[in-house]
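# Survey of secondary and tertiary structure
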Amino acid sequence: MNTLLFPVILAGGKGERFWPLSRKDRPKQFLSLDGSSRSLLQATADRLLALGGSWDSLWVITSSQIAEGIRQQLPNLPVENLLIESEGRDTAAAVAWTSLEIKQRYGEDAVIGFFPADHWIADQEAFAHTLNAATQLATSTAAIVTLGIKPTFPSTGYGYIEQGEKIGSFNELPAYHVNRFTEKPDRETAETFLSTGRFSWNSGMFVFRAGVVLKELHTHAPEIIEPLEQHGPDIYPQLPKKSIDYALMEKTTLAYVLPVDFGWDDLGDWNAIERLLKTEETPNVELATHVGIDTQGAIIYASNPEDVVVTIGLEDVVIVRDRNVTLVVKKERTQEIKQILKIIQSDSRFTDLL
């Protein structure tokens with residue numbers, strides 16, 4: 001792998017839709033959800049280090065609430081490569097601050113890649129091949145490169161990227177100018193997107209030179225980059241809360257997409273466990289001791305191996321047992337877990353459940 005790439009792990013998310021397993025002291029990126037012994041954060045670091053870099057080139061940006069957990073999970077990460085946000089301000093601020101720090105240390109031609117801490121990737125070799133291509137494109141062109149995942153179904157939960165004119169091939173992968181970004185569409189629109197063959201899912205992974213992205217932030221998001229340049233991270237709580245997609249990617253003319261296929265999932269909620277682990281031979285996905293009659297299409301998880309989950313006549317449900325909480329929800333309504341957390345947060349009896 002080209003060692004000029006400085007990978008940055010975005011590790012500030014809460015992962016609320018994996019509650020009750022994901023809590024304030026144990027966010028989603030600290031969990032192992034694929035049956036392995038490595039957390040999502042550790043697996044992401046493993047994957048990026050396998051590209052040929054070292055701990056010295058790996059960066060992490062996270063929130064103050066979980067910084068100590070990051071240190072415990074990644075003890076080899078240099079202290080100076082862990083950026084701690086005093087208050088979460090979404091991904092635009094995170095990208096701006098990290099890019100400024102890397103530019104200051106390595107110069108404006110340093111190539112930076114941003115990677116969420118909670119993604120699952122199946123094919124490491126294909127992932128490395130793609131990152132080589134993205135690094136080549138970012139090195140040779142004033143480009144903000146995004147990795148577009150080839151869609152396998154008309155998802156209404158992902159953003160989409162429409163590819164425009166082909167600008168060439170890098171490491172044997174075609175690259176295209178981005179025509180537009182579209183936020184989560186309805187089912188009919190998603191089906192239309194897939195039928196054209198021109199759309200990819202927005203993975204939230206980006207590669208660019210430090211100087212290129214900082215210049216574009218000055219053009220399209222001065223309210224974020226200028227205070228950071230003038231006052232440093234102390235200004236963080238006063239920065240506007242915007243995603244990098246909204247603040248920059250939907251506005252810049254330097255966006256390019258590499259449509260890729262290396263087996264990917266953003267692990268957005270409990271249904272992702274089924275996509276990863278379901279087999280045709282088993283009626284359910286069971287990460288627990290389960291005794292059931294006429295139960296199928298269920299996702300069953302218990303953090304304590306001594307807990308036994310017993311079901312009769314259930315279909316298409318998620319059951320999660322963790323510490324003092326049991327969650328039972330229809331798979332089609334897992335997005336509403338966030339609403340439950342708002343109710344719990346407003347009741348003093350349940351604050352220890354968050």
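Residues numbered from 1 in each chain as written. Predicted model: local features only at pLDDT ≥ 70, side-chain atom pairs only at ≥ 80, totals over all residues. Heavy atoms only, no water.

## Concerning the sheet that holds strand β14 (residues 299-302)
The criterion, for reference: Any two strands with at least two DSSP-identified bridges between them are counted as paired. Here a strand is any run of E in DSSP of at least two residues, a helix any run of H or I of at least four, and the numbering for each starts at the N terminus. Structural elements are reduced to axes, namely lines fitted to C-alpha atoms, with helices fitted over the stretch in contact, and the angle between N-to-C directions of any two is expressed from 0 to 180 degrees.
Judged by pairing direction, the sheet is mixed, and its four strands sit side by side in the order β12-β14-β16-β17 without closing on themselves. Across the chains shown, the open sheet's two edge strands, defined by having one partner strand only, are β12 (285-287) and β17 (325-330). Averaged over neighbouring strand pairs, the angle between their axes works out to 5 degrees when direction is ignored. Looking at chain direction, strand β16 (residues 317-322) and β17 are connected through six bridges and run antiparallel. Within β17, the position partnered with arginine 321 by the bridge is threonine 326.

## Some words on the pattern of salt bridges
When their charged atoms lie close together, side chains carrying opposite charge are able to pair. Going by this rule: Salt bridge, as applied in this entry: a Lys or Arg side-chain nitrogen positioned within 4 Å of an Asp or Glu carboxyl oxygen. For each residue, the accessible area found with a 1.4 Å probe, counting protein chains only, is set against the maximum for its type, and the residue is called buried under 20%, exposed over 50%, and partly exposed in between.
The full count for this structure, using the stated rule, is 19 salt bridges. We note a salt bridge from arginine 209 to aspartate 109, for which the minimum N-O separation is 3.7 Å. Here aspartate 109 lies in the loop between α3 (90-106) and β4 (111-116) and arginine 209 lies in strand β9 (residues 199-209), a separation of 100 residues in the sequence. Judged by its relative accessible area of 54%, aspartate 109 falls in the exposed class. Of the charged contacts, one joins glutamate 223 and lysine 242 as a salt bridge, the two residues approaching to 2.7 Å between their closest N and O atoms. With glutamate 223 in helix α7 (residues 222-231) and lysine 242 in the loop between α7 and α8 (244-249), the pair connects residues that are 19 residues apart, well separated along the chain. For glutamate 223, a relative accessible area of 29% gives the class partly exposed.

## Some words on the packing of helix α6 (residues 210-220) against α7
Quick reminder of the rule: When checking whether two residues touch, look at their non-hydrogen atoms; a contact exists if any pair is within 4.5 Å. Basically, the charged four are Asp, Glu, Lys and Arg, the nonpolar ten are Ala, Val, Leu, Ile, Met, Phe, Trp, Tyr, Cys and Pro, and anything else, Gly included, counts as polar.
As a packed pair, α6 and α7 sit with axes 6 Å apart at the nearest point and diverge in direction by 115 degrees. On α7, the residues touching Leu214, Leu217, His218, Thr219 and His220 of α6 are Pro222, Glu223, Ile225, Glu226 and Glu229. By residue class, the composition of the contact of α6 with α7 is four nonpolar, three polar and three charged.

## So, unusual backbone geometry
Omega for the peptide link from tryptophan 19 to proline 20 comes to 10 degrees, which places this bond in the cis form. Tracing the chain through its elements places proline 20 in the loop between β1 (5-10) and α1 (40-49). Not every positive phi belongs to a glycine, and asparagine 171 is a case in point at roughly 50 degrees. Relative to the elements of secondary structure, asparagine 171 occurs in the loop between β7 (160-170) and β8 (173-182). Using a relative accessible area of 23% as the deciding quantity, one classes asparagine 171 as partly exposed. Residues other than glycine seldom take positive phi values, yet leucine 267 does so here, at roughly 50 degrees.

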